[in-house]
Amino acid sequence: MPQVVRSPKPYDVCIIGSGAGGGTAAKILTEGGLNVVMLEAGPPLNPEKDYKEHLWPYDLPHRGIGVGGKLRREINDEFTAPNGAWEIDGEPYTSAPGSRFRWFRSRIVGGRTNHWGRIALRFAPIDFKSRSTDGMGDDWPITYDELAPYYDKVESYIGVFGTKENIPSAPDGIFMPPPPPRCTETVVKKACDKLNVLCIPSRMAIITKPLSGRAACHYCGQCDRGCLTASNFSSSQVMIPPAQATGRLTLIANAMAREIVVGKDGKAQAVSYIDKTTRTEKRVNAKAFVVAASACESARLLLNSKSALFPDGLANSSGAVGRYLTDSVGTSGGGYFPQLEKMPPHNHDGVGGMHMYIPWWKFDRKNDFLRGYHIEMYGGRGMPGVGEFDGVCEEFEGYGLTLKQTCRSMYGTYIGLEGRGEMIPNPQSYCDIDPVTVDQWGIPVLRFHWQWSDNEIKMAKDMQETFRSIVEAAGGIYTTKASPDAPRPYGIADGGVIIHELGTARMGVNPKTSVLNKYCQAHDVRNLFVADAAPFVTNADKNPTLTIMALSWRTSDYLLDQAKKGNL
């Protein structure tokens, strides 16, 4: 049997994962005086070398869509910030029969914060008390008021633009000035005003004023490619560097965590990981552990960490690890706006995302479904890339000059709308360990089970009806066809596709039905914490990253306090 290389140095804390939760924990814990080791499954990140922020399509060998066009119409292409993919060679996952689930993973320092849309929304007070409101799901063991100070800390530190609106479903925060709406957003805003639908400046983790040595956004609109000036937030550029500056962070890249090892006392004592560069197994010891590998990857690690004390997986006496898996309800629509053909050419650039959005506006009435959704928008004359005119070419016959003229006339005339709603956890949606399949490192992989309920289907239907109303009120022609009888009713996205998966190690008061306490500390293992989206009890209509960071900051403060008291 190969020798396991053990680290001679015991650390105060070992963090697994370097994304939103892991990066936040690293900053707070190291600045609090603890010596921290961080394991990241991917390579280091060098923005000057790895980002392709201002390149043109002709600067890349395949115009950005990969060999043979394999990345055509995918959300990740050769321009995108590196190492994010639906499929990773040698690291598969499976779906149970009848389930459709896609898992976007990022193997690089900073994780998926190198890729995310930077939409930074606070959960509302009601989002923490769902069961008390409508009788479904469960309440969080914490309230909005308990987390609000940490939302303040995160927003003040990373920089979020927006406006104070006093909307119950969309709490205000600490905001920088927002950028002005673009042409297409003004069109949507006027239509929403006609329909009495709320439409307000977006809340995005992109700075519009200089902050802590970071330059204000220069509105190149290429946030998904990474940002050399760190004007948009990523853990790799905003959280990890200050942690490294303390001299108390040891970052080990290309380290694939395999198992958390427990001692006879039931406490976690080490992480066994695969060094991808040497294909050897190594072990690092620490006094406390923060698992922040992303909700599903963290569940996988806990489930694979079996021992005599924890035969069903670490911290899983409740059987809740991997359960309560949710993703945002998502469907999309849009339309063609003839009036935009006549729009004089002008600069449509801005931040890499929307300047306006539609928060949940029907919070004061009874709907056909429980909970709510918000709407994101896009459109305008962004930088054309391969596939930009695929839809035009499918709709209009022709070739040569005639087709080129049609493409030019249609350029920038489409406005798209994306719904993002709350899924209520159900027993049929969860992840477990596949009994047969392992990855290239010999680690058993995740198997996904997935099912939307009628509540989510009704929500997707309402989204489609709203999209049509907005487009037609704005003078557009709604072009989306979303049938109730399609394999994906009303265009509802498959599980995982919205990339808001969470809830696989949820917080709770009762150790028999939850994995973690109110500080994201494992009920079963007092020196084990989880600091990504796995602790979430509900998946509100808000994008989860801001809440991941707020929870991680709160957990890290608690961990520091417990370390000082010698309770770990």
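This text goes with the structure placed above it.
Rules of the game
Residues numbered from 1 in each chain as written. Predicted model: local features only at pLDDT ≥ 70, side-chain atom pairs only at ≥ 80, totals over all residues. Heavy atoms only, no water. Helix = DSSP H or I, 4+ residues; strand = E, 2+ residues; numbered from the N terminus. Rg over C-alpha atoms; globule rule 2.2 N^0.38 Å. Buried < 20%, exposed > 50% of the residue type's maximum accessible area, 1.4 Å probe, protein only. Contact = heavy atoms within 4.5 Å. Expected span 1.5 Å × (residues − 1). Patch = residues over 30% accessible without salt bridge, like charges linked within 9 Å, V, L, I, M, F, W, Y side chains within 5 Å. Areas by Shrake-Rupley, 256 points an atom, 1.4 Å probe, with all protein chains shown as cover. Salt bridge = Lys/Arg side-chain N within 4 Å of Asp/Glu carboxyl O. Pairing = 2+ DSSP bridges. Core = buried A, V, L, I, M, F, W, Y, C linked by side-chain atoms within 4.5 Å. Axes fitted to C-alpha atoms, helices over the stretch in contact; angles between N-to-C directions. Parallel < 35°, antiparallel > 145°, perpendicular 65-115°, else oblique. Nonpolar A, V, L, I, M, F, W, Y, C, P; charged D, E, K, R; others polar. Phe/Tyr/Trp six-rings, centres within 6.5 Å; stacked < 30°, edge-to-face > 60°. Lys NZ or Arg CZ within 6 Å of the ring centre and 35° of its normal. Arc of directions from axis to C-beta.

1. Quick word on the overall build of the chain
Then, number 1: Regarding its fold elements, the chain presents twelve helices and 19 strands.
Then, number 2: The C-alpha radius of gyration of the chain comes to 23 Å, within 12% of the 24 Å expected for a compact globule of 568 residues.
Then, number 3: Taking the principal axes of its C-alpha atoms as reference, the chain extends roughly 75 × 55 × 50 Å.
Then, number 4: Relative to its 568 residues, the chain shows a buried fraction of 59%.
Then, number 5: Residue pairs at least 24 apart in sequence account for 72% of intrachain contacts in the chain once pairs closer than 6 positions are excluded.

2. Considering helix 4 (residues 144–158)
Then, number 1: Spanning 15 residues, helix 4 covers 20 Å between terminal C-alpha atoms, matching the ideal 21 Å at 1.5 Å per step.
Then, number 2: If you check which residues of helix 4 are buried, you get Y144, L147, A148, Y150, Y151, V154, E155 and I158.
Then, number 3: Summarising the contacts, the buried residues of helix 4 are in contact with helix 12 (545–565).
Then, number 4: Residue G159 follows helix 4 closely and has a positive phi angle near 85°.

3. With respect to a nonpolar patch on the surface
Then, number 1: The grouping of W56, Y58 and M383 at the surface amounts to a nonpolar patch, some 350 Å² of accessible area in total.
Then, number 2: Assignment of secondary structure puts M383 in the loop between strand 14 (373–379) and helix 9 (390–395).

4. Some points on the sheet that holds strand 14
Paired through their backbone hydrogen bonds, the strands of a sheet run either parallel or antiparallel.
Then, number 1: Pairing is antiparallel across the open sheet formed by four strands, whose spatial order is 14-15-12-18. A single partner strand is all that each edge strand has here, and the edge strands are strand 14 and strand 18 (477–478).
Then, number 2: Sheet analysis places strand 12 (residues 329–336) next to strand 18, joined by two bridges and oriented antiparallel. Paired with G335 across the bridge in strand 18 is Y478.

5. Notes on the nonpolar core
Then, number 1: Ranked by size, the top nonpolar core spans 151 residues in total, and within it L29, I260, I358 and L528 carry the most contacts.
Then, number 2: It is helix 12 that contributes the most residues to this core, nine residues altogether.
Then, number 3: Excluding residues that lie within four positions of it along the chain, L528 makes contacts with I260, F289, V291, L302, L314, A315, C520, Q521 and A522.

6. Re the packing of helix 4 against helix 12
Then, number 1: Axis separation between helix 4 and helix 12 bottoms out at 8 Å; the angle between their running directions is 110°. Of the possible angle classes, the one that applies to helix 4 and helix 12 is roughly perpendicular. Side by side, helix 4 and helix 12 meet where E146, L147, Y150, Y151, K153, V154, E155, Y157 and I158 of the first sit next to L546, T547, M549, A550, L551, W553, R554 and D557 of the second.
Then, number 2: Here the contact of helix 4 with helix 12 is built from residues that sort into eleven nonpolar, one polar and five charged.

7. Thoughts on the packing of aromatic side chains
The description of an aromatic ring pair rests on the distance of the ring centres and on the angle between the ring planes.
Then, number 1: The final tally for this structure, using the stated rule, is 25 aromatic pairs.
Then, number 2: Between the aromatic rings of W361 and Y373, the centroid separation amounts to 5.7 Å while the plane-to-plane angle is 90°, which identifies the pairing as edge-to-face. Within this pair, whereas W361 is found in the loop between strand 13 (356–357) and strand 14, its partner Y373 is found in strand 14, the two being separated by twelve residues in sequence. The exposure classification of W361 matches that of Y373, with both residues buried.
Then, number 3: Put simply, the rings of Y93, F101, W103, F448, W450 and W452 pair up and form one aromatic cluster.
Then, number 4: Sitting above the plane of the Y157 ring, K27 keeps its charged end 4.2 Å from the centroid.
Then, number 5: Note that R102 overlies the ring of W86, its terminal NZ or CZ placed 4.5 Å from the centroid.

8. Considering the pattern of salt bridges
Then, number 1: Inspection of every chain in the model, using the stated rule, returns 33 salt bridges.
Then, number 2: Residue D50 is joined to K49 by a salt bridge in which the shortest nitrogen-to-oxygen separation is 3.5 Å.
Then, number 3: Linking R420 and E418 is a salt bridge whose minimum nitrogen-to-oxygen distance equals 3.4 Å. With respect to class, R420 is no different from E418; both count as buried.
Then, number 4: Among the charged side chains, a salt-bridge network with shared partners connects E91, R107, K276, E297, R300 and D439.

9. Some words on the sheet that holds strand 16 (residues 430–438)
Then, number 1: Reading across the sheet, the three strands line up as 5-17-16 and stay open at both edges, with mixed pairing between neighbours. Two strands bound the open sheet, and with one partner strand each, they are strand 5 (94–95) and strand 16.
Then, number 2: When strand 5 meets strand 17 (residues 444–449), the two strands line up parallel, connected through two bridges. Each residue of the ladder has a partner; that of T94, found in strand 17, is R447.

10. Here's the deal with the environment of G400
Then, number 1: With respect to the helices and strands, G400 occurs in helix 10 (residues 400–410).
Then, number 2: When its relative accessible area of 38% is taken as the criterion, G400 is described as partly exposed.
Then, number 3: Taking the C-alpha atoms as reference, G400 lies 39 Å from R420; in sequence the two are 20 residues apart.

11. Let's talk about unusual backbone geometry
Then, number 1: Notably, R63 is not glycine yet its phi reads approximately 55°, a positive angle.
Then, number 2: Relative to the elements of secondary structure, R63 occurs in the loop between helix 2 (47–50) and strand 4 (84–85).
Then, number 3: Phi is positive for A230, which is not a glycine, with a value near 55°.
Then, number 4: If you trace the backbone, A230 turns up in the loop between strand 7 (200–201) and helix 6 (235–238).

12. Overview of helix 10
Then, number 1: All of the buried residues along helix 10 are L403, T406, C407 and M410. Taken down its axis, helix 10 places every buried residue within 100° of arc, on the same side. Residues of helix 10 that are exposed and angled more than 90 degrees away from the buried face: L401, K404 and R408.
Then, number 2: Where helix 10 is buried, its residues contact strand 12 and helix 9.
Then, number 3: Looking one or two residues beyond helix 10, the residue adopting positive phi is G412, at roughly 80°.

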